[in-house]
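What follows is the residue order along each chain.
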2 protein chains.
Amino acid sequence: MNHSFPTLRPMQIYPYDHLYQFTQSVFKAIGCSDVHAATATQTLLSADMRGIDSHGVARLTGYVRLWEAGRVNATPDIKIVHETPSTAVVDGDAGLGLVVAPFAMQVAIDKARQAGTGWVSVRNSNHFGIAGYHAMMALEQDMIGMAMTNASALVAPTFSIERMLGTNPIAVAIPAGEEPPFVADLATTTAANGKLEILQRKNADTPLGWVQDKDGQASTDANILKKQGALLPLGSDRDHGSHKGYALGSVVDIFSAVLSGASYGPWVPPFPAYVAMPENMPGKGLGHFFGAMRVDAFRPASEFKEHMDNWIQRFRTAKPAPGHEKVLIPGDPEREMEQVRKTAGIPLVDSVAKELQELGTRFSLVL
Amino acid sequence: MNHSFPTLRPMQIYPYDHLYQFTQSVFKAIGCSDVHAATATQTLLSADMRGIDSHGVARLTGYVRLWEAGRVNATPDIKIVHETPSTAVVDGDAGLGLVVAPFAMQVAIDKARQAGTGWVSVRNSNHFGIAGYHAMMALEQDMIGMAMTNASALVAPTFSIERMLGTNPIAVAIPAGEEPPFVADLATTTAANGKLEILQRKNADTPLGWVQDKDGQASTDANILKKQGALLPLGSDRDHGSHKGYALGSVVDIFSAVLSGASYGPWVPPFPAYVAMPENMPGKGLGHFFGAMRVDAFRPASEFKEHMDNWIQRFRTAKPAPGHEKVLIPGDPEREMEQVRKTAGIPLVDSVAKELQELGTRFSLVL
């Protein structure tokens, strides 16, 4: 939450419950069932609550546009199309990823209860919000949760100038005892697209190493994606390990889509409804991949949690570098933001609030 | 293989079979059974064959020193201590990781045959060579293989000056049809320790972003680890995503050691036998984590492989950046090196050859 540019980024604050009611009503208005509308709303707003504003209610209009374009099915028949004791493939029937993903993660959890672990690859889905939300569903079951998804191509592999991969995030949620859980949720790029959007609003440049221009030259232009530039894989360049970020993003793509029968690589359907669909798609829709591992499939849960507490406490008290107060545990900043926003509400930049008001007018709803 | 510094890095070439016989004899000389000596040799030399010279026969003397120090058990009773249909915990009985890891990976493969996937966490082990070798064991079974391990602490988390994590690699091997398999094998740091060693021999500096000094300041000193400096997580600094590399390395540590009961974080036993063991270790030895997923637990193997071929061909023909010939698929450079060394032999730098000759003298073996 950055208050230091009030004229460039004015904000309005909305209580969670208020945004919840509004968002749920929008999903109902496009034809979602009560249950699906509630699931989609909870998934979407978890991003706003955790401070990942680019993936929350700011995308609601985008989801509605996908529905208008006939790319999102508001009444999907989501089902398991293949399974073994520890695996399943789910077909999302072109539903909202916000609904398909929790369904598939629940299948993974149910499999893990029986077989120790559960692994579910999903085809024919759409954008699923933040990966961390789905991974965290496992926590209350004393399970480790994993979630990943492919996304439309914005990232150039090492040595390439062609956009071949999405920001393809990986989330891992691990339960602890007294300590809050470990929750990693990371795009396999140096910087996620949402960070470019923030810089665009400020008319600011990116650091070197986030993006390249259409010729593969280093760039600091936050608008470079509109000029055929590309995001760089985690590591930025070959000398700093970009081939590792490229490999990780590729694994996400293959687990999410080649295992399930979704579209992959440069053929992943775009989020903006005005962008034409790729030609000759090799599969159906976006793909996701979920995992759940019962902690006590390895050792007693109480023992595991005791050691996780020890792990977390030891890392949190690692000697900080000068100028830094402490070492963070993955998930710390998002959890702290959630605490703040629970009481203080969710700030929306004016452009997002305005877009939502227009959406409300259309469906006779008041933001 | 760098021939451009002949005076700094003179080399001798040894045929694979020759090094195999020698290495196997050394393992037998310290008391390994014939079967264990063969397994350990094959695992170790796979690194030399794939061009990862830092993890191959160059480490043989180090393994022997660990045995001398009583930290490696040459006749381990490796066993499953806990299991479910899709999981197991293996206790390596302080054996060579080169032997323990293939055992555990085989358990994962066997589980996958029955349950669709298999996941094995390992405690009480030692360094296991290259992660990629173990992951690749799954390929001939039409399975996806995964391997990771923790290692002694050389890496400072973001915002820290304390070494808390090892280079904690992740390997993922994915079968294809006509195309060779996709094999990613990456340290979760910007650069692996082996790359520093190469620069040390050349008296060369590292690029900025690989290491920091003891005060957390940027450094280009390839010898900084001897001066209380640290390796940096993949991403190098916070602006370039080092918190992501730190999170990935942490996941490897937790899956490998907190799940199994191995030692973790700063308590992981060191590879050099002359470095004292950490005090108050929270678990036994090093930890590893292995996974195997039957491809046909998701979709028919023939379909999967056809799409993997398509994926690989599309990425390999992605538009290259000026000055680059083509985009590489993870595993390409190592496979090409293996082809070369199969016929040309394995080059050893003089210092390594000399160390091995001394080892040979001691056991009445000729290199």
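As recorded by an unreviewed UniProt entry, chain A carries the name Malate dehydrogenase (NAD) and is attributed to Hydrobacter penzbergensis. The annotation that UniProt attaches to chain A under Sequence similarities (unreviewed entry) is "Belongs to the LDH2/MDH2 oxidoreductase family."

(A) Focus on the overall build of chain A. Summing up its helical and strand segments, chain A has 10 helices and 12 strands in all. Taking 367 residues into account, the globule formula puts the C-alpha radius of gyration at 21 Å, and chain A, at 20 Å, falls close to it. Once the C-alpha set of chain A is aligned to its principal axes, its extents read approximately 55 × 50 × 45 Å. Partitioning the contacts of chain A with sequence separation of at least 6, the portion at a separation of at least 24 is 65%. Carbon and sulfur atoms provide 51% of the accessible area of chain A, an area that totals close to 13500 Å². Here chain A carries 32 positive and 37 negative side-chain charges, and the mean point of each set is 2 Å from the other.

(B) Layout of the packing of aromatic side chains. Under the criterion given, the structure shown has 20 aromatic pairs over all chains. Ring pairing ties together the aromatic residues W119, F255, F289 and F298 of chain A together with W119, F255, F289 and F298 of chain B, which thus form one cluster. One cation-aromatic arrangement involves R59 of chain A over F271 of chain A; the distance from NZ or CZ to the ring centre is 4.5 Å. Of note, R314 of chain A hangs over the ring of W267 of chain B, and the distance from its end group to the ring centre comes to 5.8 Å.

(C) A look at the relation of the copies chain A and chain B. Superposition record for chain A on chain B: RMSD 0.0 Å, screw rotation 180°, translation along axis 0.0 Å. The transformation relating the two chain copies, once decomposed into turn and shift, fits a two-fold axis. The rotation axis passes nearest to the C-alpha of G235 of chain A in chain A, at a distance of 2.4 Å. Both copies share a contact surface, since 100% of the interface residues of chain A are interface residues in chain B too.

(D) Focus on the interface of chain A and chain B. Facing the 90 residues of chain A at the interface are 90 residues of chain B. Of all residues in chain A, F159, K244 and F298 of chain A bury the most surface against chain B, accounting for 11% of the area lost on that side. There are two salt bridges connecting chain A and chain B. Of the charged contacts in the structure, one is a salt bridge between E162 of chain B and R314 of chain A, with a shortest N-O distance of 2.5 Å. Our enumeration of links across chain A and chain B arrives at 38 residue pairs in polar contact (both at pLDDT 80 or more). Ranked by residue count, the leading element in the side of chain A that touches chain B is helix α7 (residues 242-258) of chain A, at 11 residues. Residue classes in the side of chain A that touches chain B are distributed as 52 nonpolar, 25 polar and 13 charged.

(E) Layout of the packing of helix α1 (residues 16-29) of chain B against helix α2 (residues 34-49) of chain B. Residue and element names in this part refer to chain B. At their nearest, the axes of α1 and α2 sit 9 Å apart, and the two run at 135° to each other. On the basis of their axis angle, the class for α1 and α2 is oblique. For the pair α1 and α2, the sense of crossing is right-handed. Only D34, A37, A38, A40, T41, Q42, L44, L45 and M49 of α2 make contact with α1, whose side of the interface consists of Y16, L19, Y20, T23, Q24, F27 and K28. Class assignment of the residues belonging to the contact of α1 with α2 gives a composition of 10 nonpolar, four polar and two charged.

(F) Spatial organisation of the sheet that holds strand β2 (residues 79-84) of chain B. Reading across the sheet, the seven strands line up as β2-β3-β4-β11-β5-β6-β7 (chain B) and stay open at both edges, with mixed pairing between neighbours. The sheet terminates laterally at β2 and β7 (182-186) of chain B, the two strands that pair on one side only. The average undirected angle you get between the axes of adjacent strands in this sheet is 10°. Of the strands in this sheet, β5 (143-149), β6 (170-174), β7 and β11 (286-294) of chain B are in contact with α7 of chain A, which crosses β7 of chain B at around 135°. Seen against the sheet, helix α4 (residues 97-115) of chain B touches β2, β3 (87-91), β4 (117-125), β5 and β11 of chain B and runs at an angle of roughly 30° to β11 of chain B.

Calculation criteria
- Starting from 1, residues in each chain are numbered consecutively following that chain's sequence as written.
- Labels follow written order: the first chain is A, the first ligand is 1, and so on.
- The predicted nature of this model means local features are confined to residues of pLDDT at least 70 and side-chain atom pairs, given and counted, to a pLDDT of 80 or more, with totals for whole chains, interfaces and linings taken over all residues.
- With hydrogens and water stripped out, all remaining heavy atoms of the structure feed into the side-chain values.
- UniProt positions are given in the numbering used here, feature names are shortened, and annotations may be inferred rather than shown by experiment.
- Numbering goes from the N terminus for both helices and strands, where a helix is a DSSP run of H or I of at least four residues and a strand is a run of E of at least two.
- Both definitions apply: the radius of gyration is a C-alpha atom measure, and the globule rule equals 2.2 Å times residues to the power 0.38.
- It only takes one pair of heavy atoms within 4.5 Å for two residues to be counted as in contact.
- Residue exposure ignores everything except the shown protein chains as possible cover, and the areas themselves are Shrake-Rupley values with a 1.4 Å probe.
- In this tally Asp and Glu are treated as negative and Lys and Arg as positive; neither His nor the chain ends contributes.
- Just so you know, the charge point we use is NZ for Lys, CZ for Arg, CG for Asp and CD for Glu.
- Between the rings of Phe, Tyr and Trp (Trp by its six-membered ring), a pair exists once the centres lie within 6.5 Å; its type follows the angle of the planes, with under 30 degrees stacked, over 60 edge-to-face, and the other angles tilted.
- Charge over a ring is defined by NZ of Lys or CZ of Arg lying within 6 Å of the ring centre and within 35 degrees of the ring normal.
- Superposition of the copies used a least-squares fit over C-alpha atoms from residues whose pLDDT is at least 70 in both.
- Buried area: the sum, over both parts, of the accessible surface (1.4 Å probe) that disappears when the two are put together.
- Throughout this description, the term salt bridge denotes a Lys or Arg side-chain nitrogen within 4 Å of a carboxyl oxygen of Asp or Glu.
- We call two N or O atoms a polar contact when they sit within 3.5 Å, provided that within protein one can donate a hydrogen and the other can accept it, with sequence-adjacent residues counted only if both atoms are side-chain atoms.
- Each residue is assigned to one of three groups, with Ala, Val, Leu, Ile, Met, Phe, Trp, Tyr, Cys and Pro labelled nonpolar, Asp, Glu, Lys and Arg labelled charged, and all others, Gly among them, labelled polar.
- To get an axis, a line is fitted to the C-alpha atoms, and for a helix only the part in contact is used. The angle between two axes follows their N-to-C directions and goes from 0 to 180 degrees.
- With respect to orientation, any angle under 35 degrees is reported as roughly parallel, any angle over 145 as roughly antiparallel, any angle of 65 to 115 as roughly perpendicular, and every other angle as oblique.
- Crossing handedness is defined as follows: a turn of the near helix away from the far one that is anticlockwise and smaller than a right angle gives a left-handed crossing, while the clockwise case is right-handed.
- In this scheme, strands are said to pair when DSSP sees at least two bridges between them.

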